[in-house]
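Structural features, examined
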Amino acid sequence: MKEPLYIVFTTVPVSYQVEKLCRLLVREGLAACIWVLPPLHAYYIWEKSSVKSREKLLIMKTRKNLVKALFQRIQAFHPYQVPELIAVKADYASSTYHQWVLNMTTKM
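**A closer look at the nonpolar core**
Counting 17 residues, the largest nonpolar core has L25, I34, L58, M60 and L70 as its most contacted members. When contributions to this core are tallied by element, the ones reaching two or more residues are β1 (5–13), α1 (18–27), β3 (49–63) and α2 (67–77). At 4 residues, the largest contribution of residues to this core is made by α1. The contacts of L25, once residues within four sequence positions are left out, are L30, A31, I34, M60, L70, R73 and I74.

**What to know about the layout of surface pockets**
Estimated volume of the largest pocket: approximately 220 Å³. Elements that contribute at least two residues to the lining of the largest pocket include exactly β2 (33–46) and β3. Of all the elements, β2 adds the most residues to the lining of the largest pocket, at 4 residues. When its residues are assigned to classes, the lining of the largest pocket shows 7 nonpolar, 3 polar and 2 charged. The computed volume of the second largest pocket comes to approximately 180 Å³.

**A few points about the sheet that holds β1**
Pairing within the open sheet is antiparallel, and its 4 strands lie in the order β2-β3-β1-β4. Either end of the sheet is taken by a strand with one partner, and the two such strands are β2 and β4 (86–89). Taken over all neighbouring pairs, the strand axes of this sheet differ in orientation by 30 degrees on average, direction set aside. Bridge count between β1 and β4: 4 bridges; the pairing is antiparallel. Paired with V8 across the bridge in β4 is A87.

Rules of the game
- Residues numbered from 1 in each chain as written.
- Predicted model: local features only at pLDDT ≥ 70, side-chain atom pairs only at ≥ 80, totals over all residues.
- Heavy atoms only, no water.
- Core = buried A, V, L, I, M, F, W, Y, C linked by side-chain atoms within 4.5 Å.
- Buried < 20%, exposed > 50% of the residue type's maximum accessible area, 1.4 Å probe, protein only.
- Helix = DSSP H or I, 4+ residues; strand = E, 2+ residues; numbered from the N terminus.
- Contact = heavy atoms within 4.5 Å.
- 1 Å grid on protein atoms, 1.4 Å probe; cavity = no way out; pocket = protein on both sides within 12 Å on 5 of 7 lines; lining within 4 Å.
- Points joined across faces, edges and corners; volume = space filled by probe spheres on them.
- Nonpolar A, V, L, I, M, F, W, Y, C, P; charged D, E, K, R; others polar.
- Pairing = 2+ DSSP bridges.
- Axes fitted to C-alpha atoms, helices over the stretch in contact; angles between N-to-C directions.

What follows is the structure in structure tokens.
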């Protein structure tokens, strides 16, 4: 059975320079690929106040055994006190893409 792949999501403020973080995570083999989606609006309550903020969404592809390390690495650089870190198991991926993700990420 192949090792499961996971999709990891986080958001950062529009002003945050994501390129440095993305290059680091890929270079360290924690993520095979990272999509940075254009600014979106987030609505939430923070410290009893209603907030509307502009954020970028990062979507990362990795292997199951790297999710925890990826979370820890992102938290070390993340500008938010409580960053959104969500991992979702990919139920299916093409065999060639699955293998590519495994090849691009390191086993810890």
